Amino acid sequence: MDRAATAEKIAELIEPFNKKGITVTEATTFAGDLEWDSLTVMDFVAAIEDDFDIIISMNQQAEIETYGQLIDAVTKLQG
Amino acid sequence: MTDLFSKFDPLIEQRRALLAGGVEDPFNLVMERVISPTVAVCNGRETILLGTYNYMGMTFDPDVIASGKQALDDFGSGTTGSRVLNGTYAGHRACEEALKEFYGMDHAMVFSTGYQANLGIISTIAGKGDYIILDIDSHASIWDGCKMGDAEVVPFKHNDIEAMEKRLKRVPEGAGKLVVLEGVYSMLGDIAPLKEMIRIAKENGAMVLVDEAHSMGFIGPNGRGVAEDQGCLEDVDFVIGTFSKSVGTVGGFCVSNHPKFEIMRLVCRPYVFTASLPPSVVHTAATSIRKLMHAGNKRAHLWENSKTLHKGLRDKGFQLGTSEAQSAIIAVIMPDLERGAAMWEALLHEGLYVNLARPPATPAGMTLLRCSLCAEHSADQVQTIIGMFERAGKAVGII
């Protein structure tokens, strides 16, 4: 899946987690802008992992702060 | 200059607000005198202890105390050295022999605390390029062991067998895999479906480490823990445990049948670079472990206590962490931290000590009053405790 298709899929997956209806751009941060707690992060990561059939380890998650970085990482992890 | 402490400001403010309401500080209690495994004097009040990990009540066992006193006389107050230098005394070996017999395993390694056992074993065996698959509700010492090592860390939803299996199957081919589980999860007192999880872990070529800190001495026909109870102990590669719960002193250990296990003593930094346990501690531990092998009656009484308290609190209308008693921990779920602290204080005034647990130690941001039972609690004490909960719960408006 290329970056555009990956971005489209992730946009779909993030919707049920974006309870405050915040406008998400590539620069949106998970901790700061979306104010997600660790439990929400875990559920969201699990949803992405299951949909793309990938592992995003905690080590990799530590490098992902923005929505754009997440799309980059998932695009790359699909090989 | 940036004040490095400014990151703690939110917590400082939360504490200030809580204590400004006049509530007694739940995290600053002093036990002035300890009368027995189940009774102490706190703030001048005689208090029933329902928040210790003294599950088997071994802290005042006469044989345990006698062996500790003897060791003080014979070996002195401390070893002043590492296990691999001058810090291995006869007592450390006796402790490891007792553990090997207790678990029926080939190797045992005693650490200075349970925290260090997890920290040391996990960070040492899972290295760069390896994968650790672990339950998201794992104890802090497991998480810290993961952080200290260089492995890729992959958590899965609590006790979710399918989530664990999916992640195991996604690990790149050829990579080393370690699955980390706990027998009893200490916040809610729930147990893991170890048999099924370990079967799947083995099918997928993973080694398995199980932390049995809260089950040792109590759960399983011989008190070896949840894995023994579910008939899968022989498939566990590493059991981690502690002396600071059922054994009744302090220290940690790992037991294993791995043929190369002894090399851990040279490569595991939290084992090498710290002083070994004092002689009195290892002698009390060895005596206690041997007595726990034959403690079937105490185990049965502790189960009765746990089931009675669980049913009693549920019948009074409290919301509990598990639908039935699964361990010696009964977690009472509080609506929020403020009312949790108020309830904690009301119970203390009744003469009952329980543990107040709050995030980040708890799952899902919950505030819990954690009750942990002891085999030395009498049936009468358990009824008294239920009455105290009822009065405090009504006073605070929780039931």
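Worth saying up front: this structure is predicted, and the values here are computed from it rather than measured. (Residues numbered from 1 in each chain as written. Chains lettered and ligands numbered in written order. Predicted model: local features only at pLDDT ≥ 70, side-chain atom pairs only at ≥ 80, totals over all residues.)

Participant: In this structure, what is going on with the sheet that holds strand 4 (residues 107–111) of chain B? I would like to understand it.
Facilitator: Strands pair in a sheet through their backbones, by hydrogen bonds, and they do so in one of two ways: parallel or antiparallel. All names here are of chain B. Ordered by their spatial adjacency, seven strands build an open sheet running 4-12-11-10-7-5-6, and the pairing between neighbours is mixed. Each edge of the sheet is formed by a strand with only one pairing partner; in this case those strands are strand 4 and strand 6 (152–156). Recorded for the sheet is a direction-independent mean angle of 20° between the axes of neighbouring strands. For strand 4 and strand 12 (residues 252–256), the ladder comprises five bridges, and the chain directions are antiparallel. Note on strand 12: the bridge partner recorded for H107 is S256. The sheet contacts of helix 6 (residues 161–170) involve strand 5 (131–135), strand 6 and strand 7 (177–182), and relative to strand 6 the element is tilted by about 155°. (Pairing = 2+ DSSP bridges. Helix = DSSP H or I, 4+ residues; strand = E, 2+ residues; numbered from the N terminus. Axes fitted to C-alpha atoms, helices over the stretch in contact; angles between N-to-C directions. Contact = placed C-beta atoms within 7 Å.)

Participant: Is there a simple way to explain the UniProt feature "domain: Carrier" (unreviewed entry) in chain A in this structure?
Facilitator: UniProt annotation of "domain: Carrier" (unreviewed entry) refers to residues 1–78 of chain A when read in the numbering used here. Annotation note: span residues 1–78 of chain A, helix share 54%, strand share 0%, distance between end C-alpha atoms 7 Å. (UniProt positions renumbered as here; feature names shortened; annotations may be inferred.)

Participant: Can you walk me through the packing of helix 12 (residues 296–315) of chain B against helix 14 (residues 379–396) of chain B in this structure?
Facilitator: Residues and elements named next belong to chain B. Here helix 12 crosses helix 14 at 25°, and the two axes come no closer than 10 Å. Viewed along their axes, helix 12 and helix 14 adopt a mutual orientation that is roughly parallel. Crossing angle aside, the handedness with which helix 12 passes helix 14 is right-handed. Between helix 12 and helix 14, the residues in contact are N305, T308, L309, G312 and L313 and V382, I385, I386 and F389, respectively. Classifying every residue of the contact of helix 12 with helix 14 by side-chain character gives six nonpolar, three polar and no charged. (Parallel < 35°, antiparallel > 145°, perpendicular 65-115°, else oblique. Left-handed = near helix turned anticlockwise from the far one by under 90°. Nonpolar A, V, L, I, M, F, W, Y, C, P; charged D, E, K, R; others polar.)

Participant: For this particular structure, what's the right way to read the UniProt feature "domain: Aminotransferase class I/classII large" (unreviewed entry) in chain B?
Facilitator: Per the UniProt annotation, the sites labelled "domain: Aminotransferase class I/classII large" (unreviewed entry) are residues 47–386 of chain B. End C-alpha to end C-alpha, residues 47–386 of chain B measures 14 Å, and it is 40% helix and 18% strand.

Participant: Looking at this structure, I do not really get helix 12 of chain B. What am I missing?
Facilitator: Residue and element names in this part refer to chain B. Between its first and last C-alpha atoms helix 12 spans 29 Å; for 20 residues at 1.5 Å apiece the expected length is 28 Å, and the two agree. All of the buried residues in helix 12 are K298, R299, L302, N305, S306, L309, H310 and L313. Take helix 12 and look down its axis: the buried residues cluster within an arc of 125°, on one side only. When the buried face of helix 12 is taken as reference, the exposed residues oriented beyond 90 degrees from it are G296, N297, A300 and D315. Its buried side turned inward, helix 12 meets strand 13 (329–334), strand 16 (367–372) and helix 14. (Expected span 1.5 Å × (residues − 1). Buried ≥ 20, exposed ≤ 12 C-beta atoms within 10 Å, placed from the backbone. Arc of directions from axis to C-beta.)

Participant: I tried to follow the confidence of the model for chain A on my own but got confused; where do I start?
Facilitator: Low pLDDT marks regions whose predicted coordinates should not be analysed in detail. Mean pLDDT over chain A: 93, with 100% of residues reaching 70 or higher. The weakest mean pLDDT in chain A belongs to helix 2 (residues 38–52) of chain A at 92; the strongest belongs to helix 4 (residues 67–77) of chain A at 96. (pLDDT = per-residue confidence, 0-100.)

Participant: What should I look at first to understand the interface of chain A and chain B in this one?
Facilitator: Where interface size is quoted, it is often the accessible area lost as the parts come together. In this assembly, 11 residues from chain A lie in contact with 13 residues from chain B. If you list the elements that add at least two residues to the side of chain A that touches chain B, you get helix 2 and helix 3 (58–61) of chain A. For the side of chain A that touches chain B, the element with the most residues is helix 2 of chain A, which contributes four residues. Broken down by class, the residue content of the side of chain A that touches chain B amounts to six nonpolar, two polar and three charged.

Participant: Just to check I follow, could you spell out the domain arrangement of chain B for this structure?
Facilitator: Residues and elements named next belong to chain B. According to the domain assignment, chain B contains domain 1 (19–49 + 296–396) and domain 2 (61–292). Here the C-alpha centre of domain 2 lies 27 Å away from the C-alpha centre of domain 1. Each partner contributes residues to the interface: domain 1 has 15 residues there, and domain 2 has 14 residues. For the side of domain 1 that touches domain 2, the secondary structure elements donating two or more residues are helix 12 and strand 13. A per-element tally of the side of domain 1 that touches domain 2 places strand 13 first, with three residues. Taken together, the residues that form the side of domain 1 that touches domain 2 break down as nine nonpolar, five polar and one charged. (Domains from an automatic or database assignment.)

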